[in-house]
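Residue-level listing of the chains:
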Amino acid sequence: MAVNMRDHQQTDLGATYPKWVYNPVYPAMRVEVIRITPELATMWLERNSDNRKLRKYRAVMMAREMTEGNWKANGESISFDTLGAIVDGQHRLQAIINSGVISPDTPIVMGIDPSVRPTVDTGLKRNAADVLGMRGELYAASLASTLQTWAAYYNGDLRRRETYHNRLSHIEVLEWLDRWPTIRDSVAIGARLASGGRYCLSPSEASFVHFAIVQSGAAETIAEAFIAAVLSGADLKAHSPILALRKRLTDEQRPGRRGFDKREKMALTLKAFQLYLSGVSRKTLRFNQDEEFPNLGLLGIATDF
């Protein structure tokens, strides 16, 4: 089909677009499909008024997906209201700019009533646990959380206090599971040891610690014995680092205490394991914010003990 150039405009960068992209203002709903280039995304984001605050980490994650070729046409639209303001899609547009990748065919919906903006994105979003559960994985919620923590530890983000800023996308969660399939075993052990009661480690936290210990080259029996001792507190000597760890963790669970963030809690637990394996006694256990994050090493390489 021949293109009617009267309906198109030429940009400074040489790309030809339909005229409607320059002023997506319509009094009634209209749908078009187009591939979005970084320059088009930049132009549209100038219309991003009165929207929710842009979450930069979300746009970074999406850009990573685009760069890696994981961004597919799934029918999700970019939408504008009758005044031409963006209703939905600011993070995808920013990700296109960040990545420099042209989007696949994307529905563009125009002519949305501005009054309906509060209803946008209020549905229950699919999370990584949903994706894993749909694939038939057991303990899907714990598995998703364990994979996120393992990725943060493996990539060094726990050390850099960026646990939640470089989270895996849904596709990356599946890729990491394919890369580390035996993490399922640790998740099953964590679920068995930590489920069904109030413990100082959640099932996913116990699963991560177990997997990190095993990947350091330690035997699975040592990893499971350590986790079981942390959770139960049974038969611990007076100055055992495990007992010191339990005291710190349970103290922070009391009402009125600030509680631990993920980084500090996992650092204390891995530090206790290092001391436990080395046979070092410890009456109290602390992890200072300027202290190097405990590194057990991977597969027996570069261990600290």
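The structure reproduced in this document is the subject of the present report. Everything numeric here is computed off the predicted structure, so don't read it as measured data.

**What about the overall build of the chain?**
Part 1 of the argument: From N to C terminus, the chain includes 11 helices and six strands.
Part 2 of the argument: Going through the 305 residues of the chain one by one, you find that 46% of them count as buried.
Part 3 of the argument: For the chain, the share of sequence-separated contacts (at least 6 apart) that also reach a separation of at least 24 residues comes to 68%.

**What about the packing of aromatic side chains?**
Part 1 of the argument: Following the criterion strictly, the structure yields 16 aromatic pairs and no others.
Part 2 of the argument: The interplanar angle of 80° and the centroid separation of 4.8 Å between the aromatic rings of Trp 150 and Phe 211 together place this pair among those described as edge-to-face. Here Phe 211 lies in helix H8 (residues 203–215) and Trp 150 lies in helix H5 (residues 140–154), a separation of 61 residues in the sequence.
Part 3 of the argument: Classification of Trp 150 as buried rests on a relative accessible area of 0%.
Part 4 of the argument: Of the residues examined, Phe 211 reaches a relative accessible area of 1% and is grouped as buried.
Part 5 of the argument: An aromatic cluster is built from Trp 150, Tyr 153, Tyr 154, Trp 176, Trp 180, Phe 208, Phe 211, Phe 287 and Phe 293, whose rings are joined through pairwise contacts.
Part 6 of the argument: In this structure, Arg 179 packs its charged tip against the face of Trp 176, placed 5.2 Å from the ring centre.

**Quick notes on the environment of Asn 74**
Part 1 of the argument: Mapping Asn 74 onto the fold places it in the loop between helix H2 (56–67) and strand E4 (78–81).
Part 2 of the argument: As a C-alpha pair, Asn 74 and Pro 104 span 30 residues in sequence and 9.2 Å in three-dimensional space.
Part 3 of the argument: A distance of 3.0 Å separates the side chain of Asn 74 from the backbone nitrogen of Glu 76, its partner in a polar contact.

**Here we look at H8**
Part 1 of the argument: Between its first and last C-alpha atoms H8 spans 18 Å; for 13 residues at 1.5 Å apiece the expected length is 18 Å, and the two agree.
Part 2 of the argument: Those residues of H8 that fall on the buried side of the exposure criterion are Ser 204, Glu 205, Ala 206, Ser 207, Phe 208, Val 209, His 210, Phe 211, Ala 212, Ile 213, Val 214 and Gln 215.
Part 3 of the argument: Immediately beyond the C-terminal end of H8, within one or two residues, lies Gly 217, with a positive phi of roughly 105°.

**Remarks on the packing of H2 against helix H3 (residues 90–99)**
Part 1 of the argument: Their axes nearest at 8 Å, the elements H2 and H3 cross at an angle of 55°. On the basis of the axis angle, H2 is oblique to H3. In this structure, the crossing between H2 and H3 has a hand that is right-handed. Each of Arg 58, Ala 59, Val 60, Met 62, Ala 63, Met 66 and Thr 67 in H2 lies in contact with H3, whose residues at this interface are His 91, Arg 92, Gln 94, Ala 95, Ile 96, Asn 98 and Ser 99.
Part 2 of the argument: The residue makeup of the contact of H2 with H3, split by class, is seven nonpolar, five polar and two charged.

About the thresholds
- Residues numbered from 1 in each chain as written.
- Predicted model: local features only at pLDDT ≥ 70, side-chain atom pairs only at ≥ 80, totals over all residues.
- Heavy atoms only, no water.
- Helix = DSSP H or I, 4+ residues; strand = E, 2+ residues; numbered from the N terminus.
- Buried < 20%, exposed > 50% of the residue type's maximum accessible area, 1.4 Å probe, protein only.
- Contact = heavy atoms within 4.5 Å.
- Phe/Tyr/Trp six-rings, centres within 6.5 Å; stacked < 30°, edge-to-face > 60°.
- Lys NZ or Arg CZ within 6 Å of the ring centre and 35° of its normal.
- Polar contact = N/O pair within 3.5 Å; in protein donor to acceptor, adjacent residues only side chain to side chain.
- Expected span 1.5 Å × (residues − 1).
- Axes fitted to C-alpha atoms, helices over the stretch in contact; angles between N-to-C directions.
- Parallel < 35°, antiparallel > 145°, perpendicular 65-115°, else oblique.
- Left-handed = near helix turned anticlockwise from the far one by under 90°.
- Nonpolar A, V, L, I, M, F, W, Y, C, P; charged D, E, K, R; others polar.

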